[in-house]
Amino acid sequence: MPIYDPSHVEYQITTGHIHIATESGSQVPAYWAHPNIGSKLPAVALIHDWWGITPLVRRMANHFAQTGYYVIVPDMFDGKVAANPQEAMELVERLGDQGFIRVDTALSVLEKHHHTNSKVAAVGLGMGGSLAFESAIVRPDLEAAVAYGGFPQRYLGRFKEANTPILAFYGSEEPHIPRSVIERLRQEFKQSVKAQHDVVMCEGLGHDLFAEDLSDAQRDAGRMALRRTFAFLETYVGGPTKPTH
């Protein structure tokens, strides 16, 4: 599995399915993973791509939890998983503008949860990366945002508003986002005076940085992205606070 990095695995974890309540009172299903330790944990809202919560997304959530993060994956599609791009687009269209509401709900739950240290990051893949961008721009109190293949087009010109440090990863063979757009994002990141942002290019990878069918070299690039992610999160949301006896 390309996202597995045994050097960061430290904890036994609990996983499962929960529901979280929005401000309007509606229930959002979510996948949940956290370490089995009695301490305050930094938290991650992991935001899935347009396929839905796939086995790979659950494994990724588990890996973050094994590393020491309290993780919630809000389900944008209420349990549905796309089998092909057409189904995925239909799910995205059905979601409409409700995606950020679900992400915002997950972030707020994690900030207030009694097992977290109130420091939270938004981490997203593809469509989820775009929502991580939006979270960094809209929420003034988010500690960090990581986007794997997020689409920056609709947010260009707004990144200067972000108080949240953003780390964006793109494959060098990215087929959907023009290199000129990625370079414009990089320039906006450099112009920010409020937070430290960065763009990282992953050599040899396309849009899905953690796909199942990668070559050994591509898997190494994916592991590099994961190591950079953990270093970034350690800087901005910290690690678990060991319980005192």
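> Describe the packing of aromatic side chains, with residues and values.
The description of two aromatic rings rests on the distance between their centres and on the angle between their planes. Per the counting criterion, the structure on display carries 10 aromatic pairs. Both rings, one in Phe133 and one in Phe159, keep their centres 5.3 Å apart while their planes meet at 85°; by these two values the pair is edge-to-face. With Phe133 in helix 4 (residues 127-138) and Phe159 in the loop between strand 6 (144-148) and strand 7 (166-171), the pair connects residues that are 26 residues apart, well separated along the chain. Measuring from centroid to centroid gives 5.5 Å for Phe159 and Phe189, while their planes differ by 85°, and the two rings are edge-to-face. With Phe159 in the loop between strand 6 and strand 7 and Phe189 in helix 5 (residues 179-191), the pair connects residues that are 30 residues apart, well separated along the chain. Since its relative accessible area comes to 4%, Phe189 is described here as buried. Counting every residue linked through ring pairs, the aromatic cluster contains Phe133, Tyr155, Phe159 and Phe189.

> Lay out unusual backbone geometry in plain terms, naming residues and giving numbers.
One non-glycine residue, Asp78, adopts positive backbone phi at about 55°. When you line up the elements, Asp78 lands in the loop between strand 4 (70-74) and helix 2 (85-95). Asp78 sits in the partly exposed class, given a relative accessible area of 43%. With a phi close to 75°, Ser118 is a non-glycine residue in the positive phi region.

Criteria and thresholds
Residues numbered from 1 in each chain as written. Predicted model: local features only at pLDDT ≥ 70, side-chain atom pairs only at ≥ 80, totals over all residues. Heavy atoms only, no water. Phe/Tyr/Trp six-rings, centres within 6.5 Å; stacked < 30°, edge-to-face > 60°. Helix = DSSP H or I, 4+ residues; strand = E, 2+ residues; numbered from the N terminus. Buried < 20%, exposed > 50% of the residue type's maximum accessible area, 1.4 Å probe, protein only.

Everything listed is a geometric property; what it means functionally is a separate question.
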